[in-house]
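# Notes for the structure review
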Amino acid sequence: MISLAGRDILHSWGKFVFTGIGLGLLIGVTLTMAGVYRGMVDDAQAMLDNSGADLWVVQRNTLGPYAEPSSINDDVDRSIRAMPGVARAANVTYLTMQIGHAGRDVRVMVVGIKAASPGEPGQPPHLIAGRQIVRAHYEAVADVKTGFRLGDVVQVRRNRYKVVGLTSRMVSSGGDPMLFIPLKDAQQAQFLKDSDAIVRQRARTARNPALNPPGNPGMVDAVTASQTSNPYVNAVLVQIKEGFSPDQVAEPIRRWQRLTVYTRAEMEEILVDKLIATSARQIGMFLVILSIVSAAIVAFIIYTLTMGKIREIAVLKLIGTRNRTISFMILQQALGLGLIGFVVGKIAATAWAPIFPKYVLLLSSDSVRGFIAVMVICAIASLLAIRAALRIDPAEAIGG
Amino acid sequence: MADGIRIENLVKTYGEGETAVHALQGVDMHVGPGEVVGLIGPSGSGKSTLLKCLGAVIEPTSGRMTIGEQTIYDNEWKIPDLRALRRDRIGFIFQSPYLIPFLDVTDNVALLPMLAGVTNAKARAHAVELLTALDVAHRAKAMPSQLSGGEQQRVAIARALVSRPPVILADEPTAPLDGERALAVVKILNDMAARYQTAIIIVTHDEKIIPTFKRLYHIRDGRTHEEGGRVEPAS
């Protein structure tokens with residue numbers, strides 16, 4: 001059987017190819033939007049995977065440390081280490097901030113980790129260059145996406161840090177690359193004020209008779225000292241011993257330490273279903289709008305192409321061509337257009353995904369789903385043209 | 001197929017009551033196998049309606065029509081599949097050739113049998129045979145846009161003949177052609193009618209070709225009047 005649609009496409013290939021390219025770029029944007037969402041989910045999962053933790057211990061009744069602020073004392077890790085089933089526990093701090101470097105601003109997530117503790121949860125699990133942090137101060141390990149190089153010196157708040165190691169795929173759930181620095185420095189960076197603010201705070205404390213009572217000069221010094229130190233961290237990351245389940249270890253920590261503990265599954269739910277849920281809905285809205293726009297474009301193009309062939313279709317009907325043959329021809333053309341569009345879109349999305357500032361993950365399964373969606377949209381979009389073609393009166397081929 | 005196409009007392013009325021338009025008011029016509037007849041008439045006389053009834057595109061209000069020994073309409077009754085009838089038993093030639101622009105000459109001719117389920121190779125072979133008979137085989141691989149008006153019309157004739165229909169309806173087939181080419185097309189139609197024993201009805205306004213018909217039907221106010229024996233077909 002001759003393929004009328006195929007012959008028409010071959011005959012007016014320029015029209016189909018250029019239309020397909022236009023449609024393809026739209027499909028490329030759609031696939032990229034899906035890739036952005038997948039990238040966000042993957043970033044979140046990578047962050048959890050790379051933390052090496054089985055449990056996250058955070059301030060009670062908070063969704064910390066990533067989705068909400070969380071603050072717990074930095075000595076809690078010791079008592080957690082003594083709980084049954086706990087193999088390792090480590091304090092961590094997280095602080096997202098802007099760092100100026102080499103004339104540009106880099107947004108990073110500063111992670112405070114215990115120095116010289118390889119294998120502890122929270123440490124960067126693999127390096128692609130350099131070494132881990134071994135000194136208690138002023139060393140840093142950076143994700144390559146920061147653009148920092150080994151030996152670079154970067155400033156975080158008032159202190160300068162030398163980049164001694166580079167790691168990869170260590171990003172926050174928002175896609176910001178991580179910069180690991182020693183825990184004490186990170187604690188200071190979170191709460192340390194500038195000199196003027198410290199002087200004003202001291203004066204304010206000294207003026208307060210409750211904090212500086214007459215006859216007790218040592219009290220104001222003690223209060224000032226407590227104001228300029230930070231004994232808090234955002235979370236304690238816990239690795240559990242073999243043979244224990246996460247829930248089994250989490251339960252006593254919740255009960256006895258009066259803290260909130262999240263397992264890996266719960267933390268993933270927080271990140272994916274809560275933290276990036278709004279972004280996901282936003283992207284979902286874009287996908288819906290792009291699908292509708294694609295459908296409208298295909299419908300308009302196929303309808304216009306069909307209306308341009310009224311006489312030919314009338315002749316085909318007059319000489320006895322079945323309605324289903326004509327319908328199939330239009331459907332095939334719509335699907336052909338969708339196929340060209342999808343191939344162009346897939347190539348475009350693959351080509352431009354690495355240029356995006358945030359991670360764009362193009363999954364094969366999304367491509368398959370996208371392909372099916374494009375074909376379904378094209379098939380639906382062709383209905384208008386098919387309806388118009390079937391309403392063409394074969395008598396139109398006969399003059400008068 | 002012994003009897004060509006015959007219509008008896010064919011009536012077609014559009015609308016009802018006071019607004020009814022009586023386009024055909026009892027038309028009788030008979031065209032035998034191998035015969036070419038002309039159908040002429042002024043605008044609004046019912047030519048197009050008659051052609052559409054003959055082509056099984058619209059149904060008459062009453063009357064009888066047969067092609068060969070097959071009854072197509074008999075007052076209220078009609079054959080169930082008019083589309084298949086048009087495909088297998090009636091060929092059409094139009095004022096403009098209306099060739100399918102994205103098919104080459106061979107496939108334009110072979111399209112109908114292909115759609116009817118004949119193998120592509122067999123349909124194309126038959127198409128080339130017809131194109132050879134019509135002296136356009138050398139343009140078999142050309143696209144319609146590359147043909148002259150006369151060549152396009154010959155391809156359209158080949159397309160009409162490809163199913164070997166007992167009846168061909170030609171609607172002003174020479175309108176876009178100059179005198180010489182118009183007469184050449186009429187000669188081809190006469191030759192084909194004789195060769196394939198096809199009954200051909202040519203609707204025309206073309207003064208150049210009217211004298212070539214052995215028999216001529218005038219249609220006026222929805223009624224036909226036969227006239228015959230004018231001159232020999234163009235040679």
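Residues numbered from 1 in each chain as written. Chains lettered and ligands numbered in written order. Predicted model: local features only at pLDDT ≥ 70, side-chain atom pairs only at ≥ 80, totals over all residues. Heavy atoms only, no water.

### Observations regarding the overall build of chain B
The secondary structure content of chain B amounts to six helices and 11 strands. Taken over the C-alpha trace, chain B has a radius of gyration of 18 Å; the compact-globule value for 235 residues is 18 Å, and the two agree within 12%. Summarising its shape, the C-alpha atoms of chain B cover approximately 55 × 40 × 35 Å along the three principal directions. Buried positions account for 56% of the 235 residues belonging to chain B. Considering only contacts in chain B between residues 6 or more positions apart, those separated by 24 or more positions represent 66%. Looking at chain B as shown, the accessible area adds up to about 9600 Å², and 48% of this sits on carbon and sulfur atoms. Charge-centre separation for chain B: the mean point of 26 positive side chains lies 5 Å from the mean point of 28 negative side chains. (Helix = DSSP H or I, 4+ residues; strand = E, 2+ residues; numbered from the N terminus. Rg over C-alpha atoms; globule rule 2.2 N^0.38 Å. Buried < 20%, exposed > 50% of the residue type's maximum accessible area, 1.4 Å probe, protein only. Contact = heavy atoms within 4.5 Å. Areas by Shrake-Rupley, 256 points an atom, 1.4 Å probe, with all protein chains shown as cover. Lys, Arg positive; Asp, Glu negative; His and termini not counted. Charge placed at Lys NZ, Arg CZ, Asp CG, Glu CD.)

### Considering the overall build of chain A
Along chain A, the regular secondary structure elements total 12 helices and 12 strands. By the compact-globule yardstick of 21 Å for 400 residues, chain A is too spread out, its C-alpha radius of gyration being 31 Å. For the C-alpha atoms alone, the extent of chain A along its principal axes is close to 115 × 50 × 45 Å. Taken over 400 residues, chain A has a buried fraction of 49%. Within chain A, residue pairs in contact and separated by at least 24 positions form 75% of the contacts whose partners lie at least 6 positions apart. If you sum the accessible surface of chain A, you get close to 19000 Å²; carbon and sulfur atoms cover 60% of it.

### Quick notes on the interface of chain A and chain B
Listed by partner, the interface residues are 26 residues for chain A and 26 residues for chain B. Approximately 2500 Å² of surface area, both sides summed, lies buried where chain A meets chain B, with 67% of it carried by carbon and sulfur atoms. Inspection of the region where chain A meets chain B yields one salt bridge. Close ionic contact of Asp107 of chain B with Arg7 of chain A constitutes a salt bridge, the shortest N to O distance being 2.5 Å. At the junction of chain A with chain B, the criterion picks out six residue pairs in polar contact (both at pLDDT 80 or more). Listed by contribution, the elements that provide at least two residues to the side of chain A that touches chain B are helix H1 (4-11), helix H10 (310-318) and helix H11 (323-352) of chain A. (Buried area = accessible area lost by both parts, 1.4 Å probe. Salt bridge = Lys/Arg side-chain N within 4 Å of Asp/Glu carboxyl O. Polar contact = N/O pair within 3.5 Å; in protein donor to acceptor, adjacent residues only side chain to side chain.)

### Looking at the packing of aromatic side chains
This model, assessed by the stated rule, comprises five aromatic pairs over all chains. Plain terms: the ring middles of Phe342 of chain A and Phe371 of chain A are 5.2 Å apart, the flat faces sit at 70° to each other, and that makes the pair edge-to-face. Taken together, the residues span a long stretch of sequence, with Phe342 of chain A in helix H11 and Phe371 of chain A in helix H12 (residues 364-390) at a distance of 29 residues. Phe342 of chain A gets classed as buried once you look at its relative accessible area, which sits at 10%. On the basis of relative accessible area, Phe371 of chain A is assigned to the partly exposed category, the value being 30%. Ring geometry for Phe92 of chain B versus Phe94 of chain B: centroids 6.3 Å apart, planes at 5°, classification stacked. Across this residue pair, the class does not change: Phe92 of chain B and Phe94 of chain B are buried. Each residue in the set Phe92, Phe94 and Tyr98 of chain B is aromatic and connected to the rest through ring pairs, giving one cluster. (Phe/Tyr/Trp six-rings, centres within 6.5 Å; stacked < 30°, edge-to-face > 60°.)

### Thoughts on the sheet that holds strand E1 (residues 5-14) of chain B
Across a sheet, paired strands are connected by hydrogen bonds in the backbone, their directions being either parallel or antiparallel. All names here are of chain B. The strand order across the open sheet formed by five strands is E2-E1-E4-E5-E6, and the pairing between neighbours is antiparallel. Pairing within the sheet leaves two strands with one partner each, and these edge strands are strand E2 (21-31) and strand E6 (77-78). Sheet topology places E1 next to strand E4 (residues 62-67); five bridges connect them, and they run antiparallel. Bridging across to E4, Ile5 finds its partner in Ile67. Against the sheet, helix H1 (residues 47-54) contacts E1, E2, E4 and strand E5 (70-74), and its axis sits at roughly 120° relative to E1. The sheet contacts of helix H2 (residues 82-89) involve E4, E5 and E6, and relative to E5 the element is tilted by about 135°. (Pairing = 2+ DSSP bridges. Axes fitted to C-alpha atoms, helices over the stretch in contact; angles between N-to-C directions.)

### Things to note about the domain arrangement of chain A
All names here are of chain A. Assigned domains of chain A: these are domain 1 (4-43 + 277-397), domain 2 (60-192 + 230-258) and domain 3 (194-229). Around 300 Å² of area is buried between domain 2 and domain 3 when both sides are counted, 48% of it from carbon and sulfur atoms. Its largest share of buried area at the contact with domain 3, domain 2 owes to Arg158, Leu192 and Asn230, together 92% of the area lost on that side. Remark: the boundary between domain 2 and domain 3 carries zero salt bridges. Our count for the contact surface shared by domain 2 and domain 3 stands at zero residue pairs in polar contact (both at pLDDT 80 or more). Here the side of domain 2 that touches domain 3 is built from residues that sort into two nonpolar, one polar and one charged. (Domains from an automatic or database assignment. Nonpolar A, V, L, I, M, F, W, Y, C, P; charged D, E, K, R; others polar.)

### Some words on a nonpolar patch on the surface
Taken together, Leu339, Val343, Ile347, Val368, Phe371, Ile372, Val376, Ile380 and Leu383 of chain A make up a surface patch of nonpolar side chains, about 800 Å² in accessible area. When residues in the nonpolar patch are grouped by element, the largest group, six residues, is from H12 of chain A. (Patch = residues over 30% accessible without salt bridge, like charges linked within 9 Å, V, L, I, M, F, W, Y side chains within 5 Å.)

### Topic: unusual backbone geometry
Residues and elements named next belong to chain B. The phi dihedral of Asn9 is positive, around 50°, even though this residue is not glycine. Structurally, the position occupied by Asn9 is in strand E1. On the basis of relative accessible area, Asn9 is assigned to the partly exposed category, the value being 49%.

### A few points about a positive patch on the surface
Residues and elements named next belong to chain A. A surface patch of positive charge is lined by Lys193, Arg200, Arg204 and Arg207. Examined against the element boundaries, Arg204 turns out to sit in helix H5 (residues 195-207). Looking at Arg204, the relative accessible area reads 47%, which means it is partly exposed.

### Focus: the packing of helix H5 (residues 149-161) of chain B against helix H6 (residues 179-196) of chain B
All names here are of chain B. Close contact between H5 and H6 brings their axes to 11 Å; oriented N to C, the two are set at 20°. As the angle between them shows, H5 and H6 are arranged roughly parallel. For the crossing formed where H5 meets H6, the hand is right-handed. Across from Gly150, Gln153, Arg154, Ile157 and Leu161 in H5, the residues of H6 making contact are Arg181, Val185, Ile188, Leu189, Met192 and Tyr196. A class-by-class count of the residues in the contact of H5 with H6 yields seven nonpolar, two polar and two charged. (Parallel < 35°, antiparallel > 145°, perpendicular 65-115°, else oblique. Left-handed = near helix turned anticlockwise from the far one by under 90°.)

### A few points about the pairing of strand E11 (residues 235-240) of chain A
Regular strands show a simple pattern: their side chains alternate between the two faces of the sheet. For E11 of chain A, the tally of buried residues reaches six of six residues, placing the bulk of the element in the interior. On E11 of chain A, burial covers both faces: Ala235, Leu237 and Gln239 of chain A on one face and Val236, Val238 and Ile240 of chain A on the other are all buried.

### Re the environment of Pro165 of chain B
Structurally, Pro165 of chain B can be placed in the loop between H5 and strand E8 (167-171). Distance from Pro165 of chain B to Ile90 of chain B, taken between C-alpha atoms, is 5.2 Å for residues 75 residues apart in sequence.

### Digging into the confidence of the model for chain B
Averaged over all residues, the pLDDT of chain B is 87; the fraction at 70 or higher stands at 96%. Per-residue pLDDT, averaged within each element of chain B, yields its smallest value for strand E11 (residues 223-228) of chain B (79) and its largest for strand E9 (residues 199-203) of chain B (93). (pLDDT = per-residue confidence, 0-100.)

### Examining the pattern of salt bridges
Residues and elements named next belong to chain A. Counted under the stated rule, the structure contains 25 salt bridges over all chains. The partner of Arg369 in a salt bridge is Asp366, and the shortest N-O contact between them spans 3.1 Å. Of this pair, Arg369 and Asp366 both sit in helix H12, three residues apart, roughly one helical turn. Judged by relative accessible area, Asp366 falls into the buried class, the value being 13%. Look at the salt bridges and you will find they share partners, linking Glu251, Arg254, Arg255 and Glu266 into a network.

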